Amino acid sequence: MGVTVTIDPELCIGSGDCVRLVPDAFELREDLGVSVPRPAATTTDVELLVRAAVGCPTQAIRVVGADGDVLHAGNTA
Amino acid sequence: MTLLSSFPATIELTRYEDIRAALFHPDLSRTFDTRSYDDGNIRDGIVSIQHGAVHRARRRVENTQFRPDHLRLYERELFPAVMNALLDRLLVGAEVDLFSIGERLACVLASRRAGLDIREDDLDELAVIAEFVDIFSQGAAILDAKDPDAVRALVYAAYERFERDYVGPARERRQALLDAHARGEIGPEALTHDILTALLAHRADPALEMADERRIVREVATYLQGGTHTTGQTICNAVDLLFEAAAERPDLLERVATDRLVAQRAVHETLRLRPTTPKIRRRAVAEVTIAGRTIPPDSLVVLDVTAGNRDPELFGERPDAFDPDRTVTPDVPRWGLSFGAGPHICPGRTVGGGLPAPEDEPNDEHLYGLVALFLQEVIRRGIEPLPGRGERDTRTERFNRWAHFWIRVGSPRAAASAR
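These figures come from a predicted structure and were not determined experimentally. (Residues numbered from 1 in each chain as written. Chains lettered and ligands numbered in written order. Predicted model: local features only at pLDDT ≥ 70, side-chain atom pairs only at ≥ 80, totals over all residues.)

Here's the deal with the overall build of chain A
Here's step 1: In terms of helices and strands, chain A carries two helices and five strands.
Here's step 2: Starting at the N terminus and ending at the C terminus, chain A contains elements arranged as β-α-β-β-α-β-β.
Here's step 3: Here the C-alpha radius of gyration of chain A, 11 Å, is about what a compact globule of 77 residues would show, namely 11 Å.
Here's step 4: With respect to the principal axes defined by its C-alpha atoms, chain A has extents near 35 × 25 × 15 Å.
Here's step 5: Every one of the 77 residues in chain A was classed for burial, and the buried ones make up 43%.
Here's step 6: The contacts of chain A with a sequence gap of at least 6 include a subset with a gap of at least 24, amounting to 47%. (Helix = DSSP H or I, 4+ residues; strand = E, 2+ residues; numbered from the N terminus. Rg over C-alpha atoms; globule rule 2.2 N^0.38 Å. Buried ≥ 20, exposed ≤ 12 C-beta atoms within 10 Å, placed from the backbone. Contact = placed C-beta atoms within 7 Å.)

Some words on the overall build of chain B
Here's step 1: The number of helices and strands found in chain B is 15 helices and nine strands.
Here's step 2: Taking 419 residues into account, the globule formula puts the C-alpha radius of gyration at 22 Å, and chain B, at 21 Å, falls close to it.

Description of the packing of helix α11 (residues 260-273) of chain B against helix α15 (residues 370-380) of chain B
All names here are of chain B.
Here's step 1: For the pair α11 and α15, interaxial distance at closest approach is 8 Å and the crossing angle is 115°. As summarised for this structure, α11 and α15 are arranged roughly perpendicular, according to the angle between their axes. The two elements α11 and α15 meet at a crossing, and its hand is right-handed. Judged by residue contacts, Arg260, Ala263, Gln264, Ala266 and Val267 of α11 engage Val371, Ala372, Leu375 and Gln376 from α15.
Here's step 2: In terms of residue class, the contact of α11 with α15 is made up of six nonpolar, two polar and one charged. (Axes fitted to C-alpha atoms, helices over the stretch in contact; angles between N-to-C directions. Parallel < 35°, antiparallel > 145°, perpendicular 65-115°, else oblique. Left-handed = near helix turned anticlockwise from the far one by under 90°. Nonpolar A, V, L, I, M, F, W, Y, C, P; charged D, E, K, R; others polar.)

Observations concerning the sheet that holds strand β1 (residues 10-13) of chain B
Residue and element names in this part refer to chain B.
Here's step 1: Taking strand neighbours across the sheet as the criterion, the four strands line up as β1-β7-β4-β2 in an open arrangement whose pairing is mixed. In this open sheet, the two edge strands, each paired with only one partner strand, are β1 and β2 (28-29).
Here's step 2: Two elements, strand β4 (residues 279-284) and strand β7 (residues 300-304), share five bridges in a ladder whose sense is antiparallel. Note on β7: the bridge partner recorded for Arg281 is Val302. (Pairing = 2+ DSSP bridges.)

Quick word on the interface of chain A and chain B
Here's step 1: Contacts between the two partners involve 14 residues from chain A and, on the opposite side, 15 residues from chain B.
Here's step 2: Class assignment of the residues belonging to the side of chain A that touches chain B gives a composition of four nonpolar, seven polar and three charged.

Thoughts on helix α1 (residues 16-24) of chain B
Here's step 1: The element α1(B) is extensively covered by neighbouring structure, given that seven of its nine residues are classed as buried.
Here's step 2: All of the buried residues in α1(B) are Tyr16(B), Asp18(B), Ile19(B), Arg20(B), Ala22(B), Leu23(B) and Phe24(B).

Examining the packing of helix α6 (residues 123-140) of chain B against helix α7 (residues 148-182) of chain B
Residue and element names in this part refer to chain B.
Here's step 1: α7 packs onto α6 with a crossing angle of 135° between their chain directions and a minimal axis gap of 9 Å. On the basis of the axis angle, α6 is oblique to α7. In this structure, the crossing between α6 and α7 has a hand that is left-handed. Across the interface between the two elements, Phe132, Ile135, Phe136, Gln138 and Gly139 from α6 touch Val151, Leu154, Val155, Ala158 and Phe162 from α7.
Here's step 2: The residue makeup of the contact of α6 with α7, split by class, is eight nonpolar, two polar and no charged.

Looking at the pairing of strand β1 (residues 4-7) of chain A
Looking down a regular strand, the side chains alternate between one sheet face and the other.
Residues and elements named next belong to chain A.
Here's step 1: What you see with β1 is a clean split: Val5 and Ile7 sit on the buried side and Thr4 and Thr6 on the side with no burial.
Here's step 2: Looking at chain direction, β1 and strand β4 (residues 61-64) are connected through four bridges and run antiparallel. Within β4, the position partnered with Val5 by the bridge is Val63.

Focus: helix α5 (residues 98-114) of chain B
Residues and elements named next belong to chain B.
Here's step 1: Over its 17 residues, α5 runs 24 Å from end to end, which matches the ideal 24 Å to within 8%, given 1.5 Å per residue.
Here's step 2: Counting buried positions along α5 gives 16 out of 17 residues, so the element sits mostly inside the fold.
Here's step 3: Phi turns positive, to about 110°, at Gly115, one or two residues after α5. (Expected span 1.5 Å × (residues − 1).)

Thoughts on the sheet that holds strand β9 (residues 402-409) of chain B
Residues and elements named next belong to chain B.
Here's step 1: With antiparallel pairing, three strands are arranged side by side in an open sheet as β3-β9-β8. This sheet does not close on itself; its edge strands, each paired only once, are β3 (96-97) and β8 (383-392).
Here's step 2: The sheet contact formed by β3 and β9 spans two bridges and is antiparallel. From the neighbouring strand, Val96 faces β9, where its bridge partner is Ile407.

Focus: unusual backbone geometry
Across the chain, the bulk of peptide bonds are trans and the bulk of non-glycine residues have phi less than zero.
Here's step 1: At Gln59(A), a residue that is not glycine, the phi angle is positive and equals roughly 55°.
Here's step 2: Looking at the element boundaries, Gln59(A) is found in the loop between α2 (46-55) and β4.
Here's step 3: Judged by the 22 C-beta atoms lying within 10 Å of it, Gln59(A) is buried.
Here's step 4: Here Glu209(B), not a glycine, exhibits a phi torsion of approximately 50°, which is positive.
Here's step 5: As for its placement among the helices and strands, Glu209(B) is situated in the loop between α8 (195-202) and α9 (213-246).

Brief notes about the confidence of the model for chain B
Here's step 1: Predicted confidence across chain B gives a mean pLDDT of 90, with 93% of residues reaching 70 or more.
Here's step 2: For this predicted complex, the interface score ipTM comes out at 0.90, while the overall pTM is 0.90. (pLDDT = per-residue confidence, 0-100.)

So, the environment of Ala180(B)
All names here are of chain B.
Here's step 1: Structurally, Ala180 can be placed in helix α7.
Here's step 2: Taking C-alpha positions, Ala180 is 9.4 Å from Leu191, a pair spaced eleven residues apart along the chain.
Here's step 3: The residues contacting Ala180, other than those within four sequence positions of it, are Glu185 and Ile186.

What to know about the nonpolar core
Here's step 1: Ranked by size, the top nonpolar core spans 105 residues in total, and within it Phe136(B), Val220(B), Leu224(B), Ala238(B), Val256(B), Val301(B) and Leu375(B) carry the most contacts.
Here's step 2: A total of twelve residues in this core trace back to one element, the largest contributor, which is α9(B).
Here's step 3: Among all residues touching Val220(B), those that are not within four sequence positions of it are Ala114(B), Gly115(B), Val167(B), Ile195(B) and Leu196(B).
Here's step 4: Counting residues in each nonpolar core, the second largest holds 21 residues, with Val22(A), Ala25(A), Val34(A) and Ala53(A) among its members. (Core = buried A, V, L, I, M, F, W, Y, C linked by C-beta atoms within 7 Å.)

Shown next as structure tokens:
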């Protein structure tokens, strides 16, 4: 099992910063106005994912490593 | 009437990392004081001072106007055409006000993005829009105004004219298009793409709190002002700092004229050294801890962006120097915290500043930002600041606002074919 990436849709404001930084791992859902992780996120470079999570304006991205360690929780519950 | 009531404590943060942490903190609000909010707040309900769920809902809708495909269209097609046409007409003579040119240029594009239908080649109309921007800018900086009551009265009167002459007709046209689209009479390509259209299309969503017509007027005014003010100020600051640095490093002018990446880094250095909002304020809505320091509820938190942007740990040994060749780590923006950070980060940062400047050759997707294009073009056209070049805006306590910036036009510096 790879990395787990989730985005809290209540927190996300659709800035698109994560998509610009790691387009393979995130995409914008224009109908919802928010970013969502793409399937390839599970195999994306963890360092890049954490950079995207750290830079997320609302800290909506949570990254959990393959071993279950929370690498970035942000403001997600 | 004062805008701020008394606060139990005022906390000032000056370190980059502390300011950044504060800007991300969900319990540090832009809503200062609910009493002044309810009683005469000229910015009531606008996105910039919303907090929490309403702010997020609004940004989800408004951020759609700042997608890379929109920005590419602006930077590669709309802006160069408008800029060159305007510079051909205005950048002539022995004494030219660069601030005025920059502001008018920014007015054209900000009007489009906000959703106003203006005659873009009509200099008189651009002067009217620039006057609105000036008034709304005073409103945005009312916390630093020398006479807040006068500013408040001025802004209220301006909103009325702005609605009557601009937002009202623009809203009518856009609503008719949206209605026709809803009836299946026109396709999505026939709709306008701007903030006003996006708000009208989503205003039935109660999460946006946009039922009040006057809020729509204020929101459109916010985007017009925000999209104009920083450009007008930053182009003057960039020229000011660039020529000051060129006294010791004369190659800088040629490099800016011939290499757009250098121009972009020059703009980022300018923003870092002279942020449009030198001090950002927040109110603690709960007890907050930043860098081990406890901030009591209802404290006023002052974030000194000018100091944070000169943190030597992040920006090197000479953080006060203007150095477009400065090295920073990838996780630190070259503009520091001048666009803010966290949920209220400036939505137009990529319009004005472009995408983060890469260390090596940029790829085809890179955006340099409109101010870099503008700076490069005026340097190519051979401008020089006149002695005693600038006049500061004396209506505000903010140190970095220009009212005029006088230049002359000399011999062209570089071929227009350079990047």
